[in-house]
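Summary of structural features
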Amino acid sequence: MHRGIALLITLMFVMLISVAIGYGLSQMKRASKIVQDENLLYKSSMVLDDVLTILQTSPDMRRLADSNSSDELYIFLQSSSYLPLDIADEKIILSFSSARSKLNINSLKRKNEGLFREFFNRHMVSSSYVDILKDCMRKNQAKDEYNNYSSTLFDQMPTLFRDYIASKKHLDMINDFYLQEYGDTNIAKLPFDELFRYSENEHEAIDLNYATVAVWELILSASKERAEQLYAAEGSYKSLEDLKLTPSEKVNISRFETSFFEPYLLVEIEIIRDESISKIRFIYDIKLKKGYDFVFEV
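These notes cover the structure that comes with them. Quick caveat: nothing in here was measured; it's all calculated off a predicted structure. (Residues numbered from 1 in each chain as written. Predicted model: local features only at pLDDT ≥ 70, side-chain atom pairs only at ≥ 80, totals over all residues. Heavy atoms only, no water.)

Our focus in this paragraph is the overall build of the protein. Broken down by element type, the protein carries 12 helices and nine strands. Relative to its full complement of 298 residues, the protein shows a buried share of 48%. Taken as a whole, the protein presents about 15200 Å² of accessible surface, with 53% of it coming from carbon and sulfur. (Helix = DSSP H or I, 4+ residues; strand = E, 2+ residues; numbered from the N terminus. Buried < 20%, exposed > 50% of the residue type's maximum accessible area, 1.4 Å probe, protein only. Areas by Shrake-Rupley, 256 points an atom, 1.4 Å probe, with all protein chains shown as cover.)

This is the structure we're talking about:
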């Protein structure tokens, strides 16, 4: 499809989602005058329902699901990355991005462990940190190795989940232990928000069209300058040949699950009224028309 036509259809999607949310909130406001029990969480659930309905019925999403086109996904994300809406007394901010732009921290395995260590060493963080991460990913370890821990993390936090790293909050607890144990303040300087995501499924691929600078640094053992060069061409890759990798970079990237089209959206919704803020975040599977990994914050 011509990019101009695809962009026009995407703009229609933006208008549609704005109208749907506005109508839903106006109906709720009228109801609140009767029940007098309006609250931000209730509004958040209504907005979420509207967004999910639009995603599940949108021709835009159907086309993306059917086309398997990295170009169309890129156009959609470029046009819908940030949508501020002022509706009634609320400000609503919608954002859509690739849910596969970062590296799943639980993909740390023996075949790529050396690249993890190289990345942290370049950032002046001890290799012991990688050992601590491995302690917290015991799901696939042999049973007779289950209690062979490399640190005292679970002596200090015996109830800490240890099958896999489940969230940023989980990683923060691990990082706090590392800082306390080693006194290494370099851990606080690492760009974790740009580097890792958290999923039990260790085989989820990185979409190389959206890989962040930090991800390129780790998976290729690349300098920041080289990583920025690859990031600058985001959305244009169709195959490994397009990356123009060196022989060593080809070996490194082969140690990770990668792809050039991953039809998963990270959807973020922020609702602001006066001094109250509600945030919703979830992943949307374009092909299955399904949302999952919902996170609510009020």
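For helix 4 (residues 70–80), a buried count of eight out of 11 residues is recorded, marking the element as mostly surrounded by other parts of the structure. Every buried residue belonging to helix 4 is among S70, E72, L73, Y74, I75, F76, L77 and S80, and all of these are buried. Measuring from the side-chain oxygen of the N-cap residue of helix 4 to the backbone nitrogen of D71 gives 3.3 Å; that N-cap residue is S69. (Polar contact = N/O pair within 3.5 Å; in protein donor to acceptor, adjacent residues only side chain to side chain.)

For the rest of this paragraph, the subject is a nonpolar patch on the surface. A cluster of nonpolar residues, L41, F294, F296 and V298, forms a patch on the protein surface that exposes about 390 Å² of accessible area. Exposure remark for L41: the relative accessible area of 44% places this residue in the partly exposed category. (Patch = residues over 30% accessible without salt bridge, like charges linked within 9 Å, V, L, I, M, F, W, Y side chains within 5 Å. Salt bridge = Lys/Arg side-chain N within 4 Å of Asp/Glu carboxyl O.)

Put simply, helix 5 (residues 113–122) and helix 10 (residues 213–220) touch, their axes get as near as 7 Å, and they point 120 degrees apart. Relative to helix 10, the element helix 5 is oriented oblique. The residues of helix 10 that touch helix 5, namely those facing L115, F116, F119 and R122, are A214, E217, L218 and I219. Tallied by class, the residues present in the contact of helix 5 with helix 10 amount to six nonpolar, no polar and two charged. (Axes fitted to C-alpha atoms, helices over the stretch in contact; angles between N-to-C directions. Parallel < 35°, antiparallel > 145°, perpendicular 65-115°, else oblique. Contact = heavy atoms within 4.5 Å. Nonpolar A, V, L, I, M, F, W, Y, C, P; charged D, E, K, R; others polar.)

This paragraph deals with the side chain of E217. Tracing the chain through its elements places E217 in helix 10. Once you skip the residues sitting within four places of it in the chain, E217 turns out to touch F119, R122, H123, A222, S223, K224 and A227.

On to the sheet that holds strand 2 (residues 90–98), then. The strand order 1-2-7-8-9 describes an open sheet built from five strands, whose pairing is antiparallel. Each end of this open sheet is capped by a strand with a single partner; those strands are strand 1 (83–87) and strand 9 (290–297). If you compare each strand with its neighbour and ignore which way they point, the axes differ by 15 degrees on average. Strand direction decides the pairing type here: strand 7 (residues 264–273) and strand 8 (residues 276–285), joined by 10 bridges, are antiparallel. Paired with I269 across the strands is I280, a residue of strand 8. Of the strands in this sheet, strand 2, strand 7, strand 8 and strand 9 touch helix 2 (residues 40–57), which is tilted by about 25 degrees from strand 8. Running over the sheet, helix 4 touches strand 1, strand 2 and strand 7 and is turned about 155 degrees from strand 2. (Pairing = 2+ DSSP bridges.)

F120, L133, F196, W216 and I219 are the most contacted members of the largest nonpolar core, which has 47 residues in total. When residues of this core are traced back to their parent elements, those giving at least two are helix 5, helix 6 (128–135), helix 7 (153–156), helix 8 (168–182), helix 9 (192–195), helix 10 and helix 11 (224–232). If one sorts the elements of this core by residue count, helix 10 sits on top with seven residues. Among residues more than four places away in sequence, those in contact with L133 are I105, L108, F120, I165, L171 and I174. Judged by nonpolar contacts, the second largest core, of 29 residues, contains L73, F96, I271 and F282. (Core = buried A, V, L, I, M, F, W, Y, C linked by side-chain atoms within 4.5 Å.)

A word on the environment of R110. Structurally, the position occupied by R110 is in the loop between strand 3 (103–104) and helix 5. Considered as a pair, R110 and K134 are 24 residues apart in the sequence and their alpha carbons are 10.0 Å apart.

The next thing to look at is the pairing of strand 7. The side chains of a regular strand alternate, residue by residue, between the two faces of the sheet. Pairing geometry for strand 2 and strand 7, over eight bridges, is antiparallel. Following the sheet pairing, K91 is matched in strand 7 by I272. Hairpin connection, strand 7 to strand 8: the antiparallel pair is bridged by two residues, and D274 has positive phi, about 55 degrees.

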